[in-house]
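Examining the three-dimensional arrangement
Now for the letters of each chain:
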Number of protein chains: 2
Amino acid sequence: MSPDFNVFQIYCKSVTTKARTGVLYLPHGNVCTPAFMPIGTLGTVKSLTMSELLATGAQILLSNTYHLWLKPGLSLLAQFQGLHQFNNWSGPILTDSGGFQIFSLRKNNITDEQGVTFTVPETGEVRLLTPEISMQIQTIINSDIALVLDSLPPEETNYNLNKEAMEKTLRWAKRCKQEWVKLHQGQWIGSTGYLGTRQNLLFGIAQGARFLDLRKQSAEALLELDFPGYSIGGMAMGPEPEESRLAQVDLQTSILEEYKPKHLLGVGTPLDIVKFVAYGIDLFDCVYPTRNARHGTLFFELDDFTYTSERILHKKFLSDSSPINPKSRFLELRTYSKSYLRHLFKTKEVLAYRLATLNNLEFYHNLMSNIRSKIETQEFDKWWHKFTFQKRP
Amino acid sequence: MSPDFNVFQIYCKSVTTKARTGVLYLPHGNVCTPAFMPIGTLGTVKSLTMSELLATGAQILLSNTYHLWLKPGLSLLAQFQGLHQFNNWSGPILTDSGGFQIFSLRKNNITDEQGVTFTVPETGEVRLLTPEISMQIQTIINSDIALVLDSLPPEETNYNLNKEAMEKTLRWAKRCKQEWVKLHQGQWIGSTGYLGTRQNLLFGIAQGARFLDLRKQSAEALLELDFPGYSIGGMAMGPEPEESRLAQVDLQTSILEEYKPKHLLGVGTPLDIVKFVAYGIDLFDCVYPTRNARHGTLFFELDDFTYTSERILHKKFLSDSSPINPKSRFLELRTYSKSYLRHLFKTKEVLAYRLATLNNLEFYHNLMSNIRSKIETQEFDKWWHKFTFQKRP
């Protein structure tokens with residue numbers, strides 16, 4: 001570890017894996033890692049208040065640059081001096097750069113060297129997102145962690161397209177860093193650690209898809225740009241063999257400095273999380289727990305290394321008077337029955353989404369807490385192999 | 001007051017109006033009157049948990065026989081021994097009889113002497129609701145207060161149609177009482193008070209629309225049936241001159257025994273409530289605060305006798321960083337800004353409905369509490385004339 005680097009401190013390391021616990025020091029608070037970041041696309045985690053979000057165990061919120069740029073827009077966010085005072089989340093916030101949303105939500109967007117041009121569907125307005133603009137937006141949002149603008153390949157399996165996208169992302173990363181330094185009065189927080197006070201950080205994005213030579217090039221080039229942390233992209237793009245995904249992450253976490261925090265973009269299921277912790281990931285984000293909740297799929301811990309999921313709309317819950325989750329810290333989950341929750345889903349009562357979201361985020365944050373304690377008691381190396389999903393009969 | 005009648009106790013009376021405070025003793029708790037009953041159509045007040053509902057100041061919940069009959073259905077409610085254990089509301093529940101919903105929601109329903117036949121739109125199934133069936137359903141729901149099945153006139157202004165509906169409702173009231181006595185092992189709680197333990201009550205429904213002679217006949221005939229309380233119907237059917245509405249209620253609360261509780265069906269705005277309290281009403285229910293909340297209209301107390309409403313989607317709130325309601329007991333309403341609430345509404349985030357519903361129900365229950373204390377301090381007689389709605393500039 002670099003002696004000057006006190007953005008992130010590693011506490012405990014696993015012996016046979018790359019798993020580690022640490023603390024990330026950010027302007028709006030500390031984050032114990034490995035950590036999961038719930039998605040608050042428009043600033044809010046759907047159906048929850050910030051007190052509830054905190055009570056699920058959330059430490060850091062992910063929000064989306066693209067969506068916030070459109071709604072509520074920059075002038076309002078500027079007036080509130082950032083997202084924190086607008087949405088009332090006083091903890092750390094990470095924002096993505098907007099690249100992925102434009103890529104996935106907007107057809108007919110045009111990517112050139114300058115940036116991405118796209119049409120806002122509601123208004124027909126044509127907007128341009130460049131590396132510089134993404135930095136400006138994220139500075140207005142006042143994200144504790146901002147990400148560089150990434151260029152997404154139009155096809156996941158084509159080598160040349162992935163090489164181009166990866167190289168463009170690197171060129172954009174350089175421009176992002178330049179703009180960032182300009183916006184932060186010449187200061188740069190890289191390997192030299194952080195400059196007296198806690199400051200917002202800019203993470204680079206490592207790409208390369210399934211091509212290990214591209215993964216290697218991407219990570220090595222990022223090293224030179226000296227970001228204080230890294231996000232690894234391209235892991236939530238579609239089906240891929242398990243070994244291939246693990247190999248990609250393994251390679252990049254080996255190249256990128258061990259002492260810097262690493263975030264895996266858009267991943268994943270509980271099983272994914274446990275595996276990628278073993279491969280050196282510290283931060284995760286995914287719509288999986290919250291989106292599943294809104295569709296009536298709830299996650300439950302069966303025992304220390306087994307979890308399950310249940311479709312609450314299943315007939316078997318029709319008259320199940322047992323509580324939604326007797327182990328929950330939320331009174332409602334301990335007292336409302338599965339049968340009643342099913343009724344709420346059946347009748348599209350919005351309370352259903354809240355109860356299911358509370359359950360799933362509490363499950364996720366309990367999992368992260370369990371992972372951290374397994375690492376700290378040196379049980380992780382044995383435990384992570386056993387961790388599994390069990391379909392209930 | 002009848003010395004044996006301890007279902008309802010009157011504490012304080014206004015001198016120049018019929019306003020009074022009282023306590024209604026019900027199996028699931030006491031209700032301080034005048035009281036407002038929030039609407040939990042399907043068992044739940046949209047977007048709220050029961051703890052939140054209680055925290056708004058709610059004492060008693062209104063739920064709908066018709067909707068519960070269809071979803072979740074009787075066998076499930078029977079298994080849960082009623083609605084209370086299903087929806088987790090441990091306080092008193094009043095249910096309407098289903099008559100109004102079939103009338104207002106279902107076209108092509110046929111009313112004959114036996115009951116009302118209607119088609120369930122989702123399934124195409126034809127169902128018959130009779131006075132007896134309504135009593136059976138409400139007994140399964142285990143409502144603290146059940147209402148007799150009412151027959152609604154197809155036209156509000158036609159004398160003969162209203163006379164027919166009113167007379168049919170009286171004949172049905174007799175059948176309801178008979179069925180009720182059968183379902184309750186021969187016991188009847190009327191003027192003779194209540195029989196040792198707190199028991200569920202059946203309220204008669206007074207009708208007659210704008211025709212004072214029909215109002216008189218309806219109330220006088222109900223007296224003979226000796227219900228322990230009364231609901232006055234036909235007040236939420238459409239525009240009518242203010243004096244006419246007041247005269248109708250005035251007449252019927254004069255005829256019906258003073259010492260029995262009186263409920264005004266489906267009313268109303270804050271101004272309505274204050275007025276009808278002065279005309280002897282003890283219980284109110286209305287979708288007004290909750291439906292308005294979901295459409296972004298919030299009520300606020302300006303001072304002791306003035307309130308206002310605000311459309312939170314109005315441009316003027318775009319960048320209003322002041323809290324939604326600095327006087328609220330809810331942390332979220334004291335800390336989230338109007339600007340942020342507007343953003344939540346604009347982006348259709350369901351949290352918006354919850355915050356607005358909390359605000360409006362808290363406003364309504366504060367209003368009821370204010371009315372009760374005005375009566376008890378003998379200030380009501382002066383106060384109620386001044387109570388007014390003020391449109392904000």
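Residues numbered from 1 in each chain as written. Chains lettered and ligands numbered in written order. Predicted model: local features only at pLDDT ≥ 70, side-chain atom pairs only at ≥ 80, totals over all residues.

1. Observations regarding the overall build of chain A
Under the convention used in this document: Going along the chain from the N terminus, every DSSP run of H or I of four or more residues is numbered as a helix, and every run of E of two or more is numbered as a strand. Two things to know: the radius of gyration comes from C-alpha atoms, and the globule rule equals 2.2 Å times the number of residues to the power 0.38. Around each residue's C-beta, the other C-beta atoms within 10 Å are counted; 20 or more make the residue buried, 12 or fewer make it exposed, and counts in between make it partly exposed. All C-beta atoms are placed from the backbone.
Helices and strands together make up the secondary structure of chain A, namely 15 helices and 17 strands. The C-alpha radius of gyration computed for chain A amounts to 21 Å, which stays within 12% of the reference 21 Å derived for 393 residues, consistent with globular compactness. Expressed along its principal axes, the backbone C-alpha trace of chain A runs to roughly 60 × 55 × 45 Å. Sorting the 393 residues of chain A into buried and exposed places 52% on the buried side.

2. Observations concerning the sheet that holds strand β2 (residues 20–26) of chain B
Residue and element names in this part refer to chain B. To keep it simple, the criterion reads: A pair of strands counts as paired when DSSP detects no fewer than two bridges linking them. A fitted line through C-alpha atoms serves as each axis, taken over the contacting stretch for helices, and the angle formed by two N-to-C directions is quoted from 0 to 180°. Our contact criterion uses C-beta atoms placed from the backbone: two residues qualify when those atoms are within 7 Å.
What the 3 strands build is an open sheet, ordered β1-β2-β3; its pairing is antiparallel. Each of the sheet's edge strands pairs with one partner strand only, and the pair in question is β1 (8–13) and β3 (29–33). Each adjacent strand pair in this sheet contributes to an overall mean axis angle of 15 degrees, direction not counted. Of the strands in this sheet, β1, β2 and β3 are in contact with helix α14 (residues 351–376), which crosses β2 at around 120 degrees.

3. With respect to the domain arrangement of chain A
All names here are of chain A. Rules: Domain boundaries shown here were taken from an automatic or database domain assignment. As a working rule, the residues Ala, Val, Leu, Ile, Met, Phe, Trp, Tyr, Cys and Pro are called nonpolar, Asp, Glu, Lys and Arg charged, and the rest polar, with Gly in that last group.
Domain parsing of chain A yields domain 1 (8–286) and domain 2 (294–389). Taking the mean C-alpha position of each, domain 1 and domain 2 sit 27 Å from one another. Mapped by element, the contributors of at least two residues to the side of domain 1 that touches domain 2 are β2 (20–26), β4 (35–37), α1 (50–55) and α10 (270–278). In terms of residue count, the dominant contributor to the side of domain 1 that touches domain 2 is α10 (6 residues). Tallied by class, the residues present in the side of domain 1 that touches domain 2 amount to 17 nonpolar, 7 polar and 3 charged.

4. Observations concerning α14 of chain B
Residues and elements named next belong to chain B. Selection rule: For a helix, the expected span equals 1.5 Å multiplied by the residue count minus one.
Here α14 spans 37 Å end to end across 26 residues, near enough to the 38 Å set by a 1.5 Å rise per residue. The buried fraction of α14 is high, at 21 of 26 residues. Positive phi shows up at Q378, right after α14, with a value of about 60 degrees.

5. Focus: the relation of the copies chain B and chain A
Worth spelling out the cut-off: A least-squares fit on C-alpha atoms brings the copies together, and the residues used are those whose pLDDT is at least 70 in both copies.
Overlaying chain B on chain A yields an RMSD of 0.0 Å, the required transformation being a rotation through 180 degrees with an accompanying axial translation of 0.0 Å. On this basis, the relationship between the two copies can be described by a two-fold rotation axis. Scanning chain B for the C-alpha nearest the rotation axis identifies V350 of chain B, at a separation of 3.4 Å.

6. Notes on the pairing of strand β15 (residues 297–303) of chain B
Bridging between β15 of chain B and strand β16 (residues 306–311) of chain B involves 6 bridges; their strand directions are antiparallel. Among the inter-strand pairings, D303 of chain B is bridged to a residue of β16 of chain B, identified as T306 of chain B.

7. So, the packing of helix α8 (residues 212–225) of chain B against helix α9 (residues 242–255) of chain B
All names here are of chain B. Stated formally: In these notes the angle categories are as follows: under 35 degrees is roughly parallel, over 145 is roughly antiparallel, 65 to 115 is roughly perpendicular, and the rest is oblique. Crossing handedness is defined as follows: a turn of the near helix away from the far one that is anticlockwise and smaller than a right angle gives a left-handed crossing, while the clockwise case is right-handed.
Relative orientation of the contacting elements α8 and α9 amounts to 25 degrees, with a least axis distance of 9 Å. Between α8 and α9, the angle is such that the two are roughly parallel. Crossing geometry of α8 relative to α9 is assigned as right-handed. Along the contact surface, α8 presents L212, R215, K216, A219, E220 and L223, while α9 presents A247, Q248, L251, Q252 and I255. Of the residues assigned to the contact of α8 with α9, the class counts are 6 nonpolar, 2 polar and 3 charged.

8. Notes on unusual backbone geometry
With an omega dihedral of 5 degrees, the bond running from K71 of chain B to P72 of chain B counts as a cis peptide bond. Structurally, P72 of chain B is set in the loop between α2 (65–70) and α3 (74–79). Here V267 of chain B and G268 of chain B are connected by a cis peptide whose omega angle stands at 5 degrees. Along the chain, G268 of chain B falls in the loop between β13 (262–264) and α10 (270–278). One non-glycine residue, Q81 of chain A, adopts positive backbone phi at about 55 degrees. Looking at the element boundaries, Q81 of chain A is found in the loop between α3 (74–79) and α4 (83–87).

9. Remarks on the sheet that holds β4 of chain A
What links the strands of a sheet is backbone hydrogen bonding, and the strands pair in either a parallel or an antiparallel sense. Residue and element names in this part refer to chain A. If you trace the 8 strands from one edge of the open sheet to the other, you get β4-β14-β13-β12-β11-β10-β6-β5, paired in parallel fashion. This sheet does not close on itself; its edge strands, each paired only once, are β4 and β5 (61–63). In this sheet, neighbouring strand axes are inclined to one another by 25 degrees on average, regardless of whether the strands run parallel or antiparallel. In terms of strand pairing, β4 meets strand β14 (residues 283–285) through 3 bridges, oriented parallel. Across the sheet, the residue bridging to A35 is L283, located in β14.

10. Section: the environment of H314 of chain B
Residue and element names in this part refer to chain B. Here H314 shows up in the loop between β16 and α12 (331–335). Under the C-beta neighbour-count criterion, H314 is labelled partly exposed, with 13 such atoms within 10 Å. Separated by 184 residues in the primary sequence, H314 and T130 have C-alpha atoms spaced 47 Å apart.

11. Brief notes about helix α6 (residues 131–141) of chain A
For an α-helix the count is 3.6 residues per turn, leaving residues at separations of three or four pointing the same way. Every buried residue of α6 of chain A is accounted for by P131, S134, M135, I137, Q138, I140 and I141 of chain A. Positive backbone phi, at 65 degrees, marks N142 of chain A, one or two positions downstream of α6 of chain A.

12. A short note on the interface of chain B and chain A
Counting from both sides, the interface comprises 32 residues of chain B and, opposite them, 32 residues of chain A. Elements with a minimum of two residues in the side of chain B that touches chain A: α3, α4 (83–87), α12, α13 (338–346) and α14 of chain B. Split by residue class, the side of chain B that touches chain A holds 14 nonpolar, 13 polar and 5 charged.

13. Description of the packing of α13 of chain B against α14 of chain B
Residue and element names in this part refer to chain B. At a closest axis distance of 8 Å, the pairing of α13 and α14 adopts a crossing angle of 130 degrees. Classified by the angle between their axes, α13 and α14 sit oblique to one another. Note on packing geometry: the crossing formed by α13 with α14 is left-handed. Across from L341, L344 and F345 in α13, the residues of α14 making contact are L351, A352 and L355. Residue composition of the contact of α13 with α14, grouped by class: 6 nonpolar, no polar and no charged.

14. Details of the pairing of β2 of chain A
Residue and element names in this part refer to chain A. Counting buried positions along β2 yields 5 of 7 residues, so the element is predominantly enclosed. Bridge count between strand β1 (residues 8–13) and β2: 5 bridges; the pairing is antiparallel. Each bridged residue has a counterpart across the sheet, and for C12 the counterpart in β2 is T21. Two elements, β2 and strand β3 (residues 29–33), share 5 bridges in a ladder whose sense is antiparallel. Bridge pairing links G22 to T33 in β3. The antiparallel pairing of β2 with β3 creates a hairpin that spans 2 residues between the two strands.

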